[in-house]
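# Secondary and tertiary structure notes
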Amino acid sequence: MSTQATIREGEQRTDLYGVRGWLLLLCLYLMIVMPLIAYLGTIGALQRAAAAPALRGAWLSEVVFDIALALFAAYAGWALYRMRPNAVKIAKAYFIIMLTLSNLGLGVLVVTALVVSRSQDNALLNTLQGPAAVASIRQVILSAVWLIYLLRSKRVRATFPKA
């Protein structure tokens, strides 16, 4: 399958036209990496749901939400790869949603840490601050970097002139 579409009517081809370089990496990230991460997260959430029957509904909601975000990411990556007209808008929407969710997650972690620190439950506080904070910060950084790339890239502008 070719990563370059034929030249559209009225467009001039430049060396930056087409899905190559960082744009191709972004497509692979959205189509493969994000669904794989969601799949692994789904396995973990299902294991937690089996271990904690009282929270099964919350864990299953997380599974559904993660799968929906993974499908959205895969669609955004596919649209970019196939050079669909609204592909950049779709990818921007995905990263804005991820940035918003990550920031909300960090906010919840901070508030929870403040509440838990007053109750002096340091084991719970350490558990909350560890992996969840790292994952949220990583997602904030990745989303911001890819958003900036989509906004400033010469290749994106050459490949998607109306974006």
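Residues numbered from 1 in each chain as written. Predicted model: local features only at pLDDT ≥ 70, side-chain atom pairs only at ≥ 80, totals over all residues. Heavy atoms only, no water.

## Quick notes on the packing of helix H1 (residues 21-51) against helix H5 (residues 131-152)
- The N-to-C vectors of H1 and H5 enclose an angle of 140°; their axes lie 11 Å apart at closest approach. If you check the angle between H1 and H5, you find them oblique. Note on packing geometry: the crossing formed by H1 with H5 is left-handed. Together, Trp22, Leu23, Leu25, Leu26, Tyr29 and Met34 of H1 and Gln139, Leu142, Trp146, Tyr149 and Leu150 of H5 make up the contact between the two elements.
- For the contact of H1 with H5, the class distribution of residues is ten nonpolar, one polar and no charged. (Axes fitted to C-alpha atoms, helices over the stretch in contact; angles between N-to-C directions. Helix = DSSP H or I, 4+ residues; strand = E, 2+ residues; numbered from the N terminus. Parallel < 35°, antiparallel > 145°, perpendicular 65-115°, else oblique. Left-handed = near helix turned anticlockwise from the far one by under 90°. Contact = heavy atoms within 4.5 Å. Nonpolar A, V, L, I, M, F, W, Y, C, P; charged D, E, K, R; others polar.)

## Here's the deal with the packing of H1 against helix H2 (residues 56-81)
- In contact at an axis separation of 8 Å, H1 and H2 are set at 170° when each is read in the N-to-C sense. As far as their axial angle goes, H2 and H1 are roughly antiparallel.
- In terms of residue class, the contact of H1 with H2 is made up of 24 nonpolar, two polar and four charged.

## Some points on the packing of aromatic side chains
- Taken as a whole, this structure holds five aromatic pairs when the rule is applied.
- A centroid spacing of 6.0 Å and a plane angle of 25° characterise the contact between Tyr75 and Trp78, whose relative ring orientation is stacked. You can see Tyr75 and its partner Trp78 sitting in helix H2, three residues apart, about one turn around the helix.
- On the basis of relative accessibility, which here comes to 42%, the residue Tyr75 falls in the partly exposed class.
- Residue classification places Trp78 among the partly exposed positions, given a relative accessible area of 36%. (Phe/Tyr/Trp six-rings, centres within 6.5 Å; stacked < 30°, edge-to-face > 60°. Buried < 20%, exposed > 50% of the residue type's maximum accessible area, 1.4 Å probe, protein only.)

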